[in-house]
Amino acid sequence: MLKQRIITALILLPIALCGFFLLNGGDFALFIGVVVTLGAWEWARLAGLVGQALRVAYAAVVAGLLMLLYLMPELAPWVLGASVLWWGLATWLVLTYPRSSELWASVACRLLIGLLILLPAWQGLVLLKQWPLGNWLIMAVMVLVWGADIGAYFSGRAFGKRKLAPQVSPGKSWEGVYGGLALSLVITAAVGIYRDWSIGELLLGLLGAGVVVLVSVVGDLTESMFKRRSGIKDSSNLLPGHGGVLDRIDSLTAAIPVFAVLLWAANWGVM
């Protein structure tokens, strides 16, 4: 398994880096769209669509909606606004699982939730790419999430005692969340000092980073919740040793649109 993980990572990492940072405009939107469409194919299974034809059809619908969003950029605020509302609701659903699962038990509801997760993630990345320092903004949100994951892993292993959401993901602890949050805030503070932010900008940056990290945890737990409900360990086997696409981007699907909204609200993304 470790050998598979390493080989897959060595193959995918340069492809991902080139796609994220070398492509622009329609090429970038298409690259991210392919990733999101694969995620949609996986989500269809979590939603209860067993037949391959139905899963492909759902992925095709998502691809069509991405095309619509690309052709109608004025829809971006609505898509990102819906995402913020969804992740607020998702937080409550995770905290009250399994009792809350009856609210989204139907296939139709789970398919709709898939749209609320996948479409804003694509929209957020496309929007970030268009702003000045777009590549750096994309790197920033990724570093925040990766930093939180690393901090949570080591902090959870060393100090983890209180379970975060035992009904959803028994391995995660509050101590892990605190460790991940702390590391991400340290990274943010270091960037702020390096870029000579004012005290106000630094405090605002730390607050925003904290929100992004916490919502990324919700994104991770949300996919875990749907997998647990479906009795599925991995979203697919597309990435040997890593599971599926959704297993790799679950935290980012929540973090990216919220990150974009916060930058938009603070007017940082257009500076």
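Here the structure is shown first, and the text comes after it.
Residues numbered from 1 in each chain as written. Predicted model: local features only at pLDDT ≥ 70, side-chain atom pairs only at ≥ 80, totals over all residues. Heavy atoms only, no water.

Here the focus is the nonpolar core. If you look at the biggest cluster of nonpolar residues, it comprises 67 residues, and the most contacted ones within it are Trp43, Trp87 and Leu128. If one sorts the elements of this core by residue count, helix α9 (residues 245-266) sits on top with 11 residues. (Core = buried A, V, L, I, M, F, W, Y, C linked by side-chain atoms within 4.5 Å. Buried < 20%, exposed > 50% of the residue type's maximum accessible area, 1.4 Å probe, protein only. Helix = DSSP H or I, 4+ residues; strand = E, 2+ residues; numbered from the N terminus.)

Glancing now at the pattern of salt bridges. One side chain can pair with another of opposite charge once the charged atoms of both are near each other. Summed over the entire model, instances satisfying the criterion amount to 6 salt bridges. Ionic pairing is found between Arg229 and Glu102, a salt bridge with its closest N-O pair at 3.8 Å. Of this pair, Arg229 sits in helix α8 (residues 199-230) while Glu102 is found in the loop between α4 (76-95) and α5 (107-130), placing the two residues 127 residues apart along the sequence. Judged by relative accessible area, which is 33%, Arg229 ranks as partly exposed. Looking at Glu102, the relative accessible area reads 57%, which means it is exposed. The salt bridge partner of Glu175 is Arg162, with a shortest N-O separation of 3.3 Å. On the criterion of sequence distance, the pair formed by Glu175 in helix α7 (residues 174-194) and Arg162 in the loop between α6 (134-159) and β1 (163-165) is long-range, its members being 13 residues apart. Ionic contacts of the salt-bridge type, sharing partners, join the residues Glu223, Lys227 and Asp247 into one network. (Salt bridge = Lys/Arg side-chain N within 4 Å of Asp/Glu carboxyl O.)

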